[in-house]
Every structure is written in structure tokens, then in C-alpha cells.
Amino acid sequence: MIIRDVFDKIVRWIDVFKQVGDIAVQYDPAHAALPWAAIRLVLQVYSMMSFKKKAAQVFADCRQRFKEARVSSGGSCSDS
């Protein structure tokens, strides 16, 4: 699915950006540590939200496949 690929690319670039920022902050930690911590927090939260969306999509896909398998095998597929 194309949305999943986009989220994967975004998360990969966020990780690369965090690594570069971590290295850059090492050269002037007195001035850069606090702002970088705030930026890193925002990036981490966004990364986790992307992961949760992806996990929810995978779960929904698996659930749909399970329902289709039950219906095709003749079992009932009620949500009770």
C-alpha cells in the first residue's frame, strides 16, 4: 500500500535526522542541548504516531483477511 510506504520513508528520515542532530549537539552541548531535546521529543512522538497508524492498518488488514477466510470456508462471520 502506498500510504504504508510513505510512512516508512518518513520514519526513516526522522531517524536519520535524529542521528545527525545528536552528533551536532555533541559539539556545543551547552547551547544546543535543550532546544535539541525539544525537537527530538517532537520527532519521537511523530515517529510513534506513525508506528501506531501502521500497526492499526496491519491489524485491520489481518482482521479483514480472517473474516474473508471464515466466510469462504462456510463459517459465520458475526461480530458478537
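Description of the structure in this document. Values in this document were obtained by computation on a predicted structure and should not be read as measured data.

Reading the values: the criteria
- Residues numbered from 1 in each chain as written.
- Predicted model: local features only at pLDDT ≥ 70, side-chain atom pairs only at ≥ 80, totals over all residues.
- Heavy atoms only, no water.
- Helix = DSSP H or I, 4+ residues; strand = E, 2+ residues; numbered from the N terminus.
- Buried < 20%, exposed > 50% of the residue type's maximum accessible area, 1.4 Å probe, protein only.
- Contact = heavy atoms within 4.5 Å.
- Areas by Shrake-Rupley, 256 points an atom, 1.4 Å probe, with all protein chains shown as cover.
- Patch = residues over 30% accessible without salt bridge, like charges linked within 9 Å, V, L, I, M, F, W, Y side chains within 5 Å.
- Salt bridge = Lys/Arg side-chain N within 4 Å of Asp/Glu carboxyl O.

Some words on the overall build of the protein
Scanning the protein for helices and strands turns up two helices and zero strands. Within the protein, buried positions represent 12% of all 80 residues. For the protein, the proportion of contacts with a sequence separation of at least 24, taken over those separated by at least 6, is 50%. Surface accessibility of the protein: about 6,500 Å² in total, with carbon and sulfur atoms responsible for 67%.

Notes on a nonpolar patch on the surface
Taken together, the side chains of Leu41, Val45, Tyr46 and Met49 make up a nonpolar region of the molecular surface, amounting to roughly 370 Å² of accessible area. Following the sequence through the fold, Tyr46 ends up in helix H2 (residues 29-72). For Tyr46, a relative accessible area of 33% translates into the label partly exposed.

Structural notes on the pattern of salt bridges
Scanning the model with the defined rule gives two salt bridges in all. With its nearest N and O atoms 3.5 Å apart, the salt bridge here joins Lys18 to Asp15. Here Asp15 and Lys18 lie together in helix H1 (residues 2-25), a separation of three residues that amounts to about one turn. Notably, a salt bridge pairs Arg40 with Asp22, separated by 3.0 Å at the nearest N-O pair. Of the two residues, Arg40 is situated in helix H2 and Asp22 in helix H1; the sequence distance between them amounts to 18 residues. When its relative accessible area of 30% is taken as the criterion, Arg40 is described as partly exposed. Under the relative-accessibility criterion, Asp22 is labelled partly exposed at 26%.

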